Amino acid sequence: QVQLVESGGGLVQAGGSLRLSCAASGRTFSSYTMGWFRQAPGKEREFVASISGGSAFTRYADSVKGRFTISRDNAKNTVYLQMNVLKPEDTGVYYCAADPRGWWVTPRKFDYWGQGTQVTVSS
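Just so you know, these numbers come straight off a predicted model, no measurement behind them. (Residues numbered from 1 in each chain as written. Predicted model: local features only at pLDDT ≥ 70, side-chain atom pairs only at ≥ 80, totals over all residues. Heavy atoms only, no water.)

Moving on: the side chain of threonine 91. By the secondary structure assignment, threonine 91 is in the loop between strand 8 (78-83) and strand 9 (92-99). By relative accessible area, which is 19% here, threonine 91 ends up buried. Of note is the side chain of threonine 91, whose polar atom sits 2.9 Å from the backbone oxygen of proline 88. Among the polar contacts made by the side chain of threonine 91, one reaches the main-chain amide nitrogen of valine 121 at a distance of 2.9 Å. Residues contacting threonine 91, with those up to four places away along its chain left out, are Ala40, Gln118, Val119, Thr120 and Val121. (Helix = DSSP H or I, 4+ residues; strand = E, 2+ residues; numbered from the N terminus. Buried < 20%, exposed > 50% of the residue type's maximum accessible area, 1.4 Å probe, protein only. Polar contact = N/O pair within 3.5 Å; in protein donor to acceptor, adjacent residues only side chain to side chain. Contact = heavy atoms within 4.5 Å.)

In structure tokens:
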């Protein structure tokens with residue numbers, strides 16, 4: 001039902017910046033709760049950030065607060081992750097995910113995932 005395609009990953013030095021994009025196919029994208037997750041080598045996938053359909057609400061993992069910013073452009077069916085002051089521990093495959101339901105619907109359930117984009121931060 002929902003197709004997601006990430007882009008923007010790459011190699012960057014510690015302290016640098018990178019912006020990830022995720023293009024969605026859904027016709028009702030503006031109502032989706034969107035999230036970013038990442039998976040480092042040998043570790044489980046972890047939550048990074050999420051945003052409500054109208055951008056009124058956001059949530060961040062403690063490890064990225066103050067450095068990462070999630071945003072969206074509903075006219076372009078795209079969600080972004082601006083990553084600043086990158087650290088080697090930010091290295092991993094970054095995935096975007098969608099929950100077609102609203103922000104306040106519980107439990108949270110991200111059922112749609114992109115293919116991932118590699119982010120490598122060198123020291």
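Still more ground to cover, so stick around.
Moving on to the pairing of strand 4 (residues 33-39). Of all the seven residues making up strand 4, six are buried; the element is thus mostly covered by neighbouring parts of the structure. Of the strand pairs in this sheet, strand 4 and strand 9 are connected by seven bridges, and their pairing is antiparallel. For tryptophan 36, the partnering residue across the bridge sits in strand 9 and is cysteine 96. Taken together, the five bridges between strand 4 and strand 5 (residues 46-51) define a ladder with antiparallel strand orientation. In the sheet register, tryptophan 36 faces strand 5, and the bridge partner there is alanine 49. Hairpin connection of strand 4 to strand 5: six residues between the antiparallel strands, including glycine 42 at a positive phi of 75°. (Pairing = 2+ DSSP bridges.)

In total, this model carries one disulfide according to the counting rule given. With its sulfur 1.9 Å from that of its partner, cysteine 22 forms a disulfide with cysteine 96. Taking the torsion about the S-S bond as the criterion, the cysteine 22 to cysteine 96 disulfide, at about 50°, is right-handed. Taken together, the residues cysteine 22 in strand 3 (residues 18-24) and cysteine 96 in strand 9 connect sequence positions 74 residues apart. (Disulfide = S-S within 2.5 Å.)

These figures come from the coordinates and say nothing about function on their own.
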